[in-house]
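The residues making up each chain are set out below.
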Amino acid sequence: MKNGMIFQGFEWNTWGDGNYYKEMEKKIDELKEMGITAFWLPPICKATGTNDTGYGVYDLFDLGEFDQRGSVRTKYGTKEELLHLVEKLHENGIDVYIDVVLNHKAGADRKERFRAVKVQDDNRTLEAGETKDIEGWTGFDFPGRKGRYSRFKWNFNHFTGVDYDALANEGGIYRIIGENKGWNWGVSGEKGNFDYLIFTDVDLSHPDVKKELKRWADWVIDQVKPDGFRMDAVKHMDKAFMKEFVKHVRKKHGQDFYVLGEYWTHDFAQMQQYLAELDYEMDLFDVSLHFNLYEASKRHADYDLTKIFDNTLVQKYPTMAVTFVDNHDSQPYQSLESWVEPWFKEIAYGLILLRKDGYPVIFSGDYYGLADGTYGGLHDPIRDIAQIRKYFAYGQQDDYFNNRNCVGWVRHGNEEHPVKSAIVISNAGMATLRMFVGKEQKGKVYADYLGNSTNKIRIDDEGFGNFEVGNVSISIWIEDGIDFMEIGK
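Residues numbered from 1 in each chain as written. Predicted model: local features only at pLDDT ≥ 70, side-chain atom pairs only at ≥ 80, totals over all residues. Heavy atoms only, no water.

## Considerations on the overall build of the chain
- Counting its regular elements, the chain contains 12 helices and 24 strands.
- Counting only C-alpha atoms and orienting by the principal axes, one finds that the chain spans roughly 80 × 45 × 45 Å.
- Out of the 489 residues belonging to the chain, those deemed buried represent 58%.
- Taking the intrachain contacts of the chain between residues at least 6 apart in sequence as the baseline, contacts between residues at least 24 apart amount to 69%.
- Here the chain holds 60 positive side-chain charges and 79 negative ones, and the gap between their average locations is 3 Å. (Helix = DSSP H or I, 4+ residues; strand = E, 2+ residues; numbered from the N terminus. Buried < 20%, exposed > 50% of the residue type's maximum accessible area, 1.4 Å probe, protein only. Contact = heavy atoms within 4.5 Å. Lys, Arg positive; Asp, Glu negative; His and termini not counted. Charge placed at Lys NZ, Arg CZ, Asp CG, Glu CD.)

## A look at the layout of surface pockets
- For the largest pocket, the calculated volume is near 610 Å³.
- Along the walls of the largest pocket sit 26 residues, with L197, H236, D329, S335 and L336 positioned nearest its centre.
- In terms of residue class, the lining of the largest pocket is built from 11 nonpolar, 9 polar and 6 charged. (1 Å grid on protein atoms, 1.4 Å probe; cavity = no way out; pocket = protein on both sides within 12 Å on 5 of 7 lines; lining within 4 Å. Points joined across faces, edges and corners; volume = space filled by probe spheres on them. Nonpolar A, V, L, I, M, F, W, Y, C, P; charged D, E, K, R; others polar.)

## Structural notes on the sheet that holds strand β17 (residues 397-403)
- Strands sit in the order β17-β18-β19-β24-β21-β22 across an open sheet of 6 strands; the sheet is antiparallel. Each having just a single partner strand, β17 and β22 (456-458) make up the two edges of the open sheet. Between one strand axis and the next, the sheet turns through 20 degrees on average, direction left out of account.
- Where β17 lies against strand β18 (residues 406-411), 5 bridges are found, and the strand directions are antiparallel. Its bridge partner lying in β18, D398 is registered against V410.
- Strands β18, β19 (421-426) and β24 (473-479) of the sheet are contacted by helix α9 (residues 342-353), whose axis makes an angle of about 50 degrees with β24. (Pairing = 2+ DSSP bridges. Axes fitted to C-alpha atoms, helices over the stretch in contact; angles between N-to-C directions.)

## Digging into the nonpolar core
- Counting 133 residues, the largest nonpolar core has L41, F229 and I362 as the members making the most contacts within it.
- Ranked by the residues each element gives to this core, the list is headed by helix α4 (residues 207-224), at 8 residues.
- Membership of the second largest hydrophobic core comes to 14 residues, among which are Y400, C406, V410 and V437. (Core = buried A, V, L, I, M, F, W, Y, C linked by side-chain atoms within 4.5 Å.)

## Some details on empty space enclosed by the protein
- For the coordinates displayed, the defined rule picks out 3 cavities of 30 Å³ or more.
- Empty space within the largest cavity amounts to approximately 50 Å³.
- In terms of lining residues, the largest cavity is bounded by D59, L60, F61, K105, F142, R145, S150, F152, W154 and E212.

## Let's talk about the pairing of strand β9 (residues 159-165)
- In terms of burial, β9 is largely enclosed, as 5 of its 7 residues are buried.
- Note: β9 against strand β11 (residues 200-202), 2 bridges, orientation antiparallel. In the sheet register, F159 faces β11, and the bridge partner there is V202.
- When β9 meets strand β10 (residues 170-176), the two strands line up antiparallel, connected through 4 bridges. Residue G161 lies in a different strand from β10, and its bridge partner there is R175.
- If you look at the hairpin formed by β9 and β10, you'll find 4 residues sitting between the two strands, and N169 has a positive phi there, around 50 degrees.

## So, α9
- The terminal C-alpha atoms of α9 lie 17 Å apart, and with 12 residues this matches the ideal 16 Å at 1.5 Å per residue to within 8%.
- For α9, a buried count of 10 out of 12 residues is recorded, marking the element as mostly surrounded by other parts of the structure.
- Listed as buried for α9 are F344, K345, E346, I347, A348, Y349, G350, L351, I352 and L353. (Expected span 1.5 Å × (residues − 1).)

## Describing the environment of I177
- Mapping I177 onto the fold places it in the loop between β10 and β11.
- Overall, I177 belongs to the partly exposed group, its relative accessible area being 30%.
- Residues I177 and F291, 114 residues apart in the sequence, show an inter-C-alpha distance of 38 Å.
- Setting aside residues up to four positions removed in sequence, I177 forms contacts with R115, A116, V117 and T131.

## Here we look at the packing of α9 against helix α11 (residues 379-392)
- Packing of α9 against α11 leaves a shortest axis separation of 10 Å and a crossing angle of 20 degrees. With respect to their mutual orientation, α9 and α11 come out roughly parallel. Regarding α9 and α11, the two cross each other, and that crossing is right-handed. Where α9 abuts α11, its residues E346, Y349, G350, I352 and L353 lie against P381, I382, I385, A386 and R389. (Parallel < 35°, antiparallel > 145°, perpendicular 65-115°, else oblique. Left-handed = near helix turned anticlockwise from the far one by under 90°.)

## Things to note about helix α7 (residues 287-299)
- Here α7 is 13 residues long and its end C-alpha atoms lie 18 Å apart, about the 18 Å a rise of 1.5 Å per residue gives.
- Taken residue by residue, α7 has V287, S288, L289, H290, F291, N292, L293, A296 and S297 as its buried positions.
- On its buried side, α7 packs onto α6 (268-277), β14 (283-285), α8 (313-316) and α9.
- The positive-phi residue at the C-terminal boundary of α7 is H300, with phi of around 55 degrees.

## What about the pattern of salt bridges?
- Evaluated as defined, the whole model comprises 43 salt bridges.
- Taking the shortest distance from any N to any O, the salt bridge between E112 and R110 comes out at 3.3 Å.
- Its relative accessible area of 32% is what places R110 among the partly exposed residues.
- The salt bridge involving D165 is made with K132; its shortest N-O contact spans 3.9 Å. Of this pair, D165 sits in strand β9 while K132 sits in strand β8 (residues 132-139); the two residues are 33 residues apart in sequence, bridging distant segments of the chain.
- The class for D165 is buried, based on a relative accessible area of 1%.
- On the basis of relative accessibility, which here comes to 32%, the residue K132 falls in the partly exposed class. (Salt bridge = Lys/Arg side-chain N within 4 Å of Asp/Glu carboxyl O.)

Written out as structure tokens, the structure reads:
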């Protein structure tokens, strides 16, 4: 893939009037022009209601086709509109990744009575009460669908835990008791066992559940024609199932079918271990890099930029790292809030978009802004940096990471994309970084294509340039006069 870029096409508060799919169609030309090669759709299955971002998934087999949970459409539109958007993205050479939520279900149709025991929130391996009868919302019959596509109905045997006892009208985390029942153990060891996350937790060791979820994967790939899956909450999902699921999908639908996992943790060692246990069959979001960017934005000049890639996936596993600045979970007021400060956003996008390693994501909340008005977006700078990646960020990379407050690198181009680029960032004052672009560049004049610096730089007889950067800024230096449109012909 030539400098691939993913566009995350939603944020937590994306409008819920049902026109999302139609509105995104109007943006395809712009995304294609800026170099987007893959579009990450929000969860496409029927959730608890039209205001649900999609992670409270109710019916995997309802893509906005049946009158369930108060509407035919999902938050984003109808199945017909979804398929039309996917078709248009494909016509424009943009792959489609759908957000897959298999860890839990929500919005059950009925309560059931079963045996369960309350566990401690901070250590789910320890019980906090006696085993007793409770009532939980675990019955999923999907009456609006009437058995179309699947006749499978879910009951308490298909789940490991719930968060509410309707019999006692009491909240908490309850582990369901029964033959061969218990938490799945192929999960994160946080909280003793982090199988349970939210809602009604799916038992991914149950043979009928595994069969149904693999059948659903085949069905949704046949229906929607996606090019990949973004797997939600994989650290809460049984590793044995995930391994089996990914191998099934690739065997049935081709080895090129893309699978990306969200394993949210500060602990880089956990992500390393997970990659190994999945036989390196799945890419992961580089959460470690996100937290480095977040810390850098909080500490300003006190942060050592030479350490920005330390203990990150992109540093250790460059071909398996999906890099991002922020997403729907890290945005303000969300459960995993770790919002990169606005002053650092442009620099952060330069760090993920203009280097040779990693598969970067542009977050729509950073690009278009957040619907709740807390952030207005960085549309033009992100667009410009993305286009520079599309046309100019190729070939050998030489790093100049010797100054804690000013770092840079040079991309030397390749045969197909020969234009060189020199990138400099600063988290303190104005600075100059002497970098080598090549003796053949002698006498050429370079300009900052972001316009953050208005000066011009002449390459000296040895092929070096003294590349400037402004106070807490980024500059991208390319030979003056080169035009995007000419390069793109």
